[in-house]
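Summary of structural features
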Amino acid sequence: MFAGAVLSQADCIIVGSGIAGLATALRLRQSGLDVLLVERGAVGKEASWAGGGIVCPLYGWRYPEPVMRLAARGMRTYPAFIESLSELSDIDPEFHPSGMLILDPFEQGEQPTELLDWAKRQNQTAEISSAAEHFPHLDDRMALWLPDVHNTRNPRLLQALNQAATRMGVRIVEQTAVQQILTEHERVVGIETTSGTMHAPRVLVAAGAWSGLLTPGLSPASVFPVRGQMLRFDHSPANGLPTILMEDGVYLIPRRDGSVVVGSTVEHAGFDKHTTEEAIRHLHAKAIALWPNLAHAPISHQWSGLRPGTTDELPYLGAHPEISGLFVSTGFYRNGLAMGPAVAEIMANLILSRPIDLDLTDYRLNRPTTYGD
Ligand SMILES: Cc1cc2nc3c(=O)[nH]c(=O)nc-3n(C[C@H](O)[C@H](O)[C@H](O)COP(=O)(O)OP(=O)(O)OC[C@H]3O[C@@H](n4cnc5c(N)ncnc54)[C@H](O)[C@@H]3O)c2cc1C
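The structure displayed is predicted, hence computed values, not measured ones. (Residues numbered from 1 in each chain as written. Predicted model: local features only at pLDDT ≥ 70, side-chain atom pairs only at ≥ 80, totals over all residues. Heavy atoms only, no water.)

Quick word on helix α4 (residues 112-121)
Where α4 is concerned, the buried positions are Leu115, Trp118 and Ala119. Down the axis of α4, the sector holding all buried residues measures 95°, keeping them to one side. Those residues of α4 that are exposed and angled more than 90 degrees off the buried face are Thr113, Lys120 and Arg121. As for α4, its buried residues are in contact with α3 (65-88) and β5 (142-146). Note on α4: the residue one or two positions beyond its end, Asn123, has a positive phi of about 65°. (Buried < 20%, exposed > 50% of the residue type's maximum accessible area, 1.4 Å probe, protein only. Helix = DSSP H or I, 4+ residues; strand = E, 2+ residues; numbered from the N terminus. Arc of directions from axis to C-beta. Contact = heavy atoms within 4.5 Å.)

Considerations on the sheet that holds β5
Across the sheet, eight strands lie side by side as β4-β5-β3-β12-β13-β14-β11-β15; this open sheet has mixed pairing. The open sheet terminates on both sides in strands that have one partner only, identified here as β4 (127-130) and β15 (299-309). Pairwise comparison of adjacent strand axes, ignoring direction, gives a mean angle of 25° for this sheet. For strand β11 (residues 224-233) and strand β14 (residues 260-263), the ladder comprises four bridges, and the chain directions are antiparallel. Among the inter-strand pairings, Arg232 is bridged to a residue of β14, identified as Val261. Docked against the sheet, helix α6 (residues 277-290) engages β3 (100-103), β11, β12 (244-247), β13 (250-254), β14 and β15, running at close to 50° with respect to β11. (Pairing = 2+ DSSP bridges. Axes fitted to C-alpha atoms, helices over the stretch in contact; angles between N-to-C directions.)

Observations concerning the pairing of strand β16 (residues 316-319)
Where β16 meets strand β17 (residues 326-330), four bridges bridge the pair, whose relative direction is antiparallel. Each bridged residue has a counterpart across the sheet, and for Leu317 the counterpart in β17 is Ser329. Taken together, β16 and the strand that follows it, β17, pair antiparallel across an intervening segment of six residues, in which Gly325 is found at a positive phi of about 90°.

Section: the domain arrangement of the chain
Split by domain assignment, the chain resolves into domain 1 (4-50 + 156-223 + 312-363) and domain 2 (96-149 + 224-309). Taking only C-alpha atoms into account, the centre of domain 1 sits 30 Å from that of domain 2. Taken together, the contact pairs 17 residues of domain 1 with 16 residues of domain 2. Buried area between domain 1 and domain 2, both sides added, is near 1,300 Å², and the carbon and sulfur share of it is 63%. The largest contributions to the domain 1 side of the interface with domain 2 come from Ala50, Tyr333 and Arg334, which together make up 41% of the buried area. In this structure, Glu46 and Lys273 form a salt bridge, with 3.0 Å as the shortest nitrogen-oxygen distance. (Domains from an automatic or database assignment. Buried area = accessible area lost by both parts, 1.4 Å probe. Salt bridge = Lys/Arg side-chain N within 4 Å of Asp/Glu carboxyl O.)

Focus: the pattern of salt bridges
For the structure shown, the criterion picks out 22 salt bridges. Between Arg227 and Glu267 there is a salt bridge; the shortest N-O distance is 2.8 Å. Pair noted here: Arg227 is in strand β11 and Glu267 is in the loop between β14 and α6, with a separation of 40 residues, a long-range link. A single burial state applies to Arg227 and to Glu267, both of which are buried. When the shortest N-O distance is used, the salt bridge between Asp248 and Lys286 registers 3.9 Å.

Quick look at the pairing of strand β8 (residues 187-193)
Bridge count between strand β7 (residues 178-184) and β8: six bridges; the pairing is antiparallel. The partner of Glu184 across the bridge, within β8, is Arg187. When β8 meets strand β9 (residues 196-199), the two strands line up antiparallel, connected through four bridges. Its bridge partner being in β9, Gly190 is matched across the sheet by His199. What sits between the antiparallel neighbours β8 and β9 is a turn of two residues.

So, the environment of Asp234
Inspection of the secondary structure assignment puts Asp234 in the loop between β11 and β12. Apart from the residues within four sequence positions on either side, Asp234 is in contact with Asn239, Gly258, Ser259, Pro298 and Ser300. There is a polar contact of 3.4 Å between the side chain of Asp234 and the side chain of Arg232. (Polar contact = N/O pair within 3.5 Å; in protein donor to acceptor, adjacent residues only side chain to side chain.)

A word on the site of the ligand
Neighbouring the ligand are 37 residues; Glu39, Ser48, Tyr333, Arg334 and Ala338 lie closest to it. Here Tyr333 contributes a backbone N or O atom positioned 2.8 Å from an oxygen atom of the ligand. Backbone polar atom of Leu337 to an oxygen atom of the ligand: 3.0 Å apart, as the coordinates give it. Alone, the ligand offers 1,000 Å² of accessible surface; in the complex the protein occludes 97% of this. Broken down by secondary-structure element, the contributors of at least two residues to the shell around the ligand are α1 (19-30), α2 (47-50), β11, β15 and α7 (336-351). Looking at the shell around the ligand, you find at least three residues from each of domain 1 (4-50 + 156-223 + 312-363) and domain 2 (96-149 + 224-309). (Near = heavy atom within 4 Å. Areas by Shrake-Rupley, 256 points an atom, 1.4 Å probe, with all protein chains shown as cover.)

Right, here's the structure in full:
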């Protein structure tokens with residue numbers, strides 16, 4: 001924590017310490033900017049902590065193409081991102097190639113060639129096979145096998161990012177809510193917070209599901225919370241799940257220590273982060289049906305998080321169309337962990353006025369959804 005006058009000025013202020021905020025802060029600091037990151041609660045404890053850490057969209061072929069474009073870029077960027085993080089932090093994000101088996105991939109009328117073509121476009125290895133080849137108890141159900149899919153233990157990833165950013169000199173202020181973006185003559189000049197005014201010529205809003213409450217032109221109808229509930233079976237050698245296994249939107253993720261994370265629900269419940277007995281019972285029953293080894297494993301944790309949803313499922317990424325110096329990086333919905341490193345690179349270059357090699361038109365703030373309503 002930093003106090004007093006030191007806080008009042010920076011080259012760039014970032015609002016929010018999820019993966020979008022922290023990873024961009026680190027990049028900007030590595031390019032020499034004095035970065036102040038302001039977080040309402042504790043660092044990295046919202047959606048980026050709550051998520052499953054699968055570094056690939058679920059049923060990726062069902063998303064609009066611009067979502068997959070960013071996610072695929074994220075997936076390509078991950079190994080180098082994890083490698084560079086390991087030089088700056090001694091916390092292991094447990095990034096590992098678990099692969100992912102998706103049961104009944106054709107349930108919405110897809111054709112096998114469609115899925116294989118989709119995988120080819122992403123440069124991803126994919127096989128259509130019988131689930132029994134991987135899990136004999138699942139009989140001869142059809143499955144899509146994606147052997148290259150990785151998962152990361154995202155709470156540790158956020159801790160590693162926090163440590164790396166702090167060591168590099170990003171100034172992080174916790175327990176401080178940003179109340180307003182300050183502008184003068186259509187140019188950003190800083191922020192008003194619960195700890196006073198802070199000044200910077202550049203401000204990035206990366207406030208997750210709360211971004212619509214803060215960003216001029218966006219609104220709670222543009223970016224909104226979508227609750228996801230999760231549970232975790234603790235480490236047990238008997239758990240032994242070899243790969244991510246998914247059926248009908250419920251996924252089981254093997255962590256490297258033998259624990260299994262199960263998710264998730266998709267609920268529109270406002271900013272309410274309670275878990276419900278009904279959802280946990282549903283996830284528990286599905287998990288045991290899919291992987292009976294978990295039948296006697298105790299649930300060690302249950303939690304929920306708020307994904308930053310948007311009406312068209314696309315993120316909002318880029319420079320603000322009306323306020324110079326203001327940037328936005330939000331709306332990552334179900335894929336923010338997968339997209340994170342790629343988005344950080346793009347946003348850092350944009351903020352630094354460096355060339356970027358991605359057309360951001362599809363992600364612009366003032367696209368015809370709910371901007372300025
Ligand atoms: C249950 C669940 C499972 C998921 N699984 C996956 C997955 O397997 N793979 C994947 O890629 N993605 C997954 N996601 C999605 C992913 O977690 C999100 O898209 C991503 O974490 C969003 O990151 P973010 O930085 O935008 O938001 P967040 O991580 O929510 O960070 C935003 C931060 O901004 C802070 N903030 C908000 N308002 C203010 C303010 N006024 N002042 C200061 N600070 C403020 C918040 O406190 C928060 O810390 C999952 C999400 C959930 C909930």
